[in-house]
Amino acid sequence: MRRIYFDHSATTPVDRQVADEMYRFLTGDNFGNPSSQHYFGSSVKEAVKEAREKVARSIGADPSEIVFTSGGTESDNMAIHGAAYSNQKKGNHIITCAVEHHAVLNTVKALGKQGFETTILPVDAYGMVHVEDVERAITDKTILITIMHANNEVGTIMPIAEIGKLTRERKIIFHVDAVQSFGKIPVNVDELGADLLSISAHKVYGPKGVGALYIRKGTRWRQSLFHGGAQERLRRAGTENIPGIIGLGKAAELAVENMEEESSRLTRLRDKIIEGIKGRIPHVRLTGHPVLRLPNHASFCFEYIEGESMLLYLDMEGVASSSGSACTSGSLEPSHVLLAMGIPPELAHGNLRVTLGKDNTEEDADYFLEKLVPIVEKLRDISPYGETG
Ligand SMILES: Cc1ncc(COP(=O)(O)O)c(C=O)c1O
């Protein structure tokens, strides 16, 4: 059966070149501990240094500002915890927004239970946070603002550079979750005004379980999650995930190398899908911003339909997509992102997310549209939700 992968926001396949580089560090003599004072250690240490340089270059940072982690979730936790606990003398107020990934939202909420004051900003119908709302929420106790660059569920790109200007003027630490935007749109820490920034390898054709946190030089941030050795210049204890780090380095290098060309190709494909769905299926709403959205991201809410049923039928036709984020699917609760955008729960249940990647073609888009139309018709025919389409 034809298999089409349209779920690149959940994860991506590992690029062959990335896997080849990693393989070198899983076999032969390249098994050393980079902290060891002998050949086996120093050769691996050199490879980690090169990977760090590649990651730094890909986001306009200095290599000393990159800390390797176990992925986006750890980077987010580390960024927020570290900034909160290091700045308690200055204040205790943290600002975030309602559509963040749970790695950010639940970390901020946990700090709220530990005595920090938290503000969770609303978003508009496109899932966009407004700079004026950020500005209004700032108090003289605000120590940290954490806002995502692009949303994983609806693809909306946030006004990060403008928020970054505000935080610089006010000397407030600014964390940006760039897990979804990295490799799809330009991510430059200076242009965005980020002091802390999270990325994850498995969203950019790298391996799972490895990521990085950028920490701007001079930022008041101290490690607060793990206690242990002096790795990563005392910022992240534990023997390094060497194959993972090598993989992230290669993936980061490739992600920015081909970004411009690949993003315009994906934008055309994405728009073909958006127009194709809007033109062929009634009672459907595009979710997220119509223009300021990730080039590979299309998401919709279909009236009178369960997103989960659409997924199952599409899967039977060989198309892998998702409803909400992979982390929330499986739960009966509608996505917190769609609800925060003011989408009624019954419509939120009809969500379908299609996220494209480098192996997807025009033919994939045609095949998907051809299969989707009868699936929607069939599901609406048997829908208990009311009118059929
Ligand atoms: C915006 C965002 N932040 C953080 C994460 C968590 O990253 P990881 O899977 O590497 O822990 C994800 C993953 O879906 C994400 O989309």
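First things first, this report covers the structure right here in the doc. Quick caveat, the model's predicted, so the values are computed rather than measured. (Residues numbered from 1 in each chain as written. Predicted model: local features only at pLDDT ≥ 70, side-chain atom pairs only at ≥ 80, totals over all residues. Heavy atoms only, no water.)

## Remarks on the site of the ligand
Alright, step 1. In the vicinity of the ligand there are 13 residues, among which Thr-73, Asp-177, Gln-180, Ser-200 and Lys-203 approach most closely.
Alright, step 2. A distance of 2.6 Å is found between an oxygen atom of the ligand and a side-chain nitrogen or oxygen belonging to Ser-200.
Alright, step 3. Here the ligand, which alone exposes 390 Å², has 87% of that area covered by the protein.
Alright, step 4. If one sorts the elements of the shell around the ligand by residue count, helix 3 (residues 72-86) sits on top with three residues.
Alright, step 5. Classifying every residue of the shell around the ligand by side-chain character gives two nonpolar, eight polar and three charged. (Near = heavy atom within 4 Å. Polar contact = N/O pair within 3.5 Å; in protein donor to acceptor, adjacent residues only side chain to side chain. Areas by Shrake-Rupley, 256 points an atom, 1.4 Å probe, with all protein chains shown as cover. Helix = DSSP H or I, 4+ residues; strand = E, 2+ residues; numbered from the N terminus. Nonpolar A, V, L, I, M, F, W, Y, C, P; charged D, E, K, R; others polar.)

## Considerations on the side chain of Glu-74
Alright, step 1. Along the chain, Glu-74 falls in helix 3.
Alright, step 2. The buried category is assigned to Glu-74, whose relative accessible area is 8%.
Alright, step 3. Contact partners of Glu-74, with chain neighbours within four places excluded, come to Thr-69, Leu-225, Phe-226 and Arg-236. (Buried < 20%, exposed > 50% of the residue type's maximum accessible area, 1.4 Å probe, protein only. Contact = heavy atoms within 4.5 Å.)

## Considering unusual backbone geometry
Alright, step 1. Within the chain, Lys-171 stands out as a residue other than glycine whose phi angle is a positive 55°.
Alright, step 2. Note on placement: Lys-171 falls in the loop between helix 6 (160-170) and strand 6 (173-177).
Alright, step 3. On the basis of relative accessibility, which here comes to 65%, the residue Lys-171 falls in the exposed class.
Alright, step 4. At Leu-234, a position not held by glycine, the phi torsion is positive, near 65°.
Alright, step 5. With respect to the helices and strands, the residue Leu-234 is situated in helix 8 (residues 231-234).

## Section: the environment of Gln-180
Alright, step 1. Tracing the backbone through its elements, the reader meets Gln-180 in the loop between strand 6 and helix 7 (189-192).
Alright, step 2. Among the residues examined, Gln-180 registers a relative accessible area of 5% and is labelled buried.
Alright, step 3. Placed 23 residues apart in sequence, Gln-180 and Lys-203 show a C-alpha to C-alpha distance of 6.9 Å.
Alright, step 4. Those residues in contact with Gln-180 that sit more than four places away from it in its chain are Ser-9, Ala-150, Asn-152, Lys-203 and Leu-294.

## Overview of the sheet that holds strand 7 (residues 196-200)
Alright, step 1. Taken together, seven strands build an open sheet; the order of strands is 2-8-7-6-5-3-4 and the sheet is mixed. A strand with exactly one partner marks an edge of an open sheet, and here the two such strands are strand 2 (66-69) and strand 4 (117-121). Shown here is a sheet whose adjacent strand axes are inclined to one another by a mean of 20°, direction ignored.
Alright, step 2. Relative to strand 5 (residues 142-148), strand 3 (residues 93-97) runs parallel, the two being bridged by three bridges. Across the sheet, His-93 pairs through a bridge with Thr-142, a residue of strand 5. (Pairing = 2+ DSSP bridges. Axes fitted to C-alpha atoms, helices over the stretch in contact; angles between N-to-C directions.)

## Description of the sheet that holds strand 12 (residues 351-355)
Alright, step 1. Pairing in this open sheet of three strands is antiparallel, and the strands run 9-10-12 from one edge to the other. Looking at strand neighbours, the two that pair on one side only are strand 9 (284-286) and strand 12, the edges of this open sheet. Ignoring which end each strand starts from, the neighbouring axes of this sheet average 25° apart.
Alright, step 2. Bridge count between strand 10 (residues 297-302) and strand 12: five bridges; the pairing is antiparallel. Within strand 12, the residue paired with Phe-300 across the bridge is Leu-352.

## Describing the packing of helix 10 (residues 259-280) against helix 14 (residues 362-381)
Relative placement of two packed helices is described by the angle separating their axes and the distance separating the axes.
Alright, step 1. In contact at an axis separation of 10 Å, helix 10 and helix 14 are set at 20° when each is read in the N-to-C sense. One element, helix 10, and the other, helix 14, form an angle in the roughly parallel class. In the crossing of helix 10 with helix 14, the sense of the turn from one axis to the other is right-handed. Residues Leu-269, Lys-272, Ile-273, Gly-276, Ile-277 and Arg-280 of helix 10 lie in contact with helix 14, whose contacting residues are Glu-362, Ala-365, Asp-366, Phe-368, Leu-369, Leu-372 and Val-373. (Parallel < 35°, antiparallel > 145°, perpendicular 65-115°, else oblique. Left-handed = near helix turned anticlockwise from the far one by under 90°.)

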